[in-house]
Structure formats: structure tokens, C-alpha cells
Amino acid sequence: MEKIILIKPNLSYGDEIIKYKEESLKENPLINGAAGLDNFSSIEDWLEELKKRSSEATVPEGLVPSSTYLGVREKDNYIVGMIDIRHYLNEYLTQVGGNIGYSVRKTERNKGYAKQMLKLALEKCKELKIKKVLITCDEDNIASEKVILSANAKFEDIRCIDGENIKRFWIEL
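Note that the structure is predicted; figures quoted are calculated from it, not measured.

As for a negative patch on the surface
Together, Asp138, Glu139, Asp140, Asp162 and Glu164 make up a region of like negative charge exposed at the surface. Inspection of the secondary structure puts Glu139 in the loop between β5 (132-138) and α5 (142-149). Judged by relative accessible area, Glu139 falls into the partly exposed class, the value being 33%.

Here you go:
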């Protein structure tokens, strides 16, 4: 398995972020762990949004401060995934989104990258002094559930939110 590092998104990755977005949107209208990348037409606007989302003083209403990272394969500097860490939970995130959301490029799945990204993100959570991390996934997303369980997560329950069954897991740090 190739080594992954987490890198803050920046313009030097602009073209690759666009390719990641286009590839992801072919599969799903929502890109998990990408802090709304799917809603922005330019990388510059998205990067500006990430800056706003990173601080309590500037985070848009209804959201909580967060840190978004590119999961980059070290050997070739290729973006294999994205991961977003929410610094604390609001009511919505407590039900559905949790502290961490992530996605892996379809062509790079089943290679252990999501597990690596999650492990690295949990280290970032420790730096943020987060003691207990909530991660959720759709009930039928077995691959994501396996990734979450690989981090010693404890299953709590399943909640039906807007007709979707959401599994909730906690990780003590």
C-alpha cells in the first residue's frame, strides 16, 4: 500500500482538484469530505470558503469550524481522496455528519487509502483537542463501515434521517 499524506488544499493542486471534482460528480451529486466543493465553480472561491470555514469568527452560519485536507499519495503527489474534520458537533452533525467526512476517488478505492486518511485525520483531531469523534455512514455503505471500524470505533445506533438509515460510531481519542 502506498503512503498517503494530508495536505491543506491550495492553488498548486487546482487542476487536480478540478479533476477530482469532475470524477466524483459523475458518480454522486455530493462529494463527501470536500466541504462543499461540488457547490463552487472555481477553485479560488472554494479555497476562500475553506478559509472562512476554518475559523470560529468567519464560519458561515449553521456550520461549525472545520479543516479540510487532500489525501495525497506521496510517491506521485496524486489526490486519492479528501477528508473534512469538523472541530465540534452541532445538532445536525450529531445526527448525520459527525466530526469527519471523507471520500476516495472511485479508481483508488479498496487500496487502504480511506483507512490511512482516517488514521491521519484522527491525529489532527487530537491536535484540535477533540476527545471523542463521531463518524457516520449510510447503513448500506459496508466499505465505509469497515474503514470506521478499523479505527477502533464503537457502534452506537442507527438513526433514520430524512428516510435514510444512518449508522453512528464513536472513537475515543
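Considering the sheet that holds strand β6 (residues 154-161)
Strand pairs in the sheet, formed through backbone hydrogen bonds, run parallel or antiparallel to each other. The strand order β5-β7-β6 describes an open sheet built from three strands, whose pairing is antiparallel. Every other strand in the sheet has two partners, leaving β5 and β6 as the edge strands with one partner each. Here the average twist between neighbouring strands, direction ignored, is 25 degrees. Two elements, β5 and strand β7 (residues 164-172), share seven bridges in a ladder whose sense is antiparallel.

A few points about the nonpolar core
The nonpolar side chains of a soluble globular protein tend to be buried, and buried together. Counting residues in hydrophobic clusters, the biggest one holds 26 residues, and the most contacted among them are Ile83, Ile100, Tyr102 and Val133. Where this core is concerned, the elements lending two or more residues are β1 (4-7), β3 (78-86), β4 (100-104), α4 (113-127), β5, α5 and β7. Here this core gets seven residues from one element, more than from any other, and that element is α4. Apart from the residues within four sequence positions on either side, Val133 is in contact with Asn99, Ile100, Leu122, Cys125, Phe169, Trp170, Ile171 and Leu173. Among the nonpolar cores identified, the runner-up in size contains 16 residues, and Tyr13, Ala35, Trp46 and Met82 belong to it.

Definitions and cut-offs
Residues numbered from 1 in each chain as written. Predicted model: local features only at pLDDT ≥ 70, side-chain atom pairs only at ≥ 80, totals over all residues. Heavy atoms only, no water. Patch = residues over 30% accessible without salt bridge, like charges linked within 9 Å, V, L, I, M, F, W, Y side chains within 5 Å. Areas by Shrake-Rupley, 256 points an atom, 1.4 Å probe, with all protein chains shown as cover. Salt bridge = Lys/Arg side-chain N within 4 Å of Asp/Glu carboxyl O. Lys, Arg positive; Asp, Glu negative; His and termini not counted. Charge placed at Lys NZ, Arg CZ, Asp CG, Glu CD. Helix = DSSP H or I, 4+ residues; strand = E, 2+ residues; numbered from the N terminus. Buried < 20%, exposed > 50% of the residue type's maximum accessible area, 1.4 Å probe, protein only. Pairing = 2+ DSSP bridges. Axes fitted to C-alpha atoms, helices over the stretch in contact; angles between N-to-C directions. Core = buried A, V, L, I, M, F, W, Y, C linked by side-chain atoms within 4.5 Å. Contact = heavy atoms within 4.5 Å.

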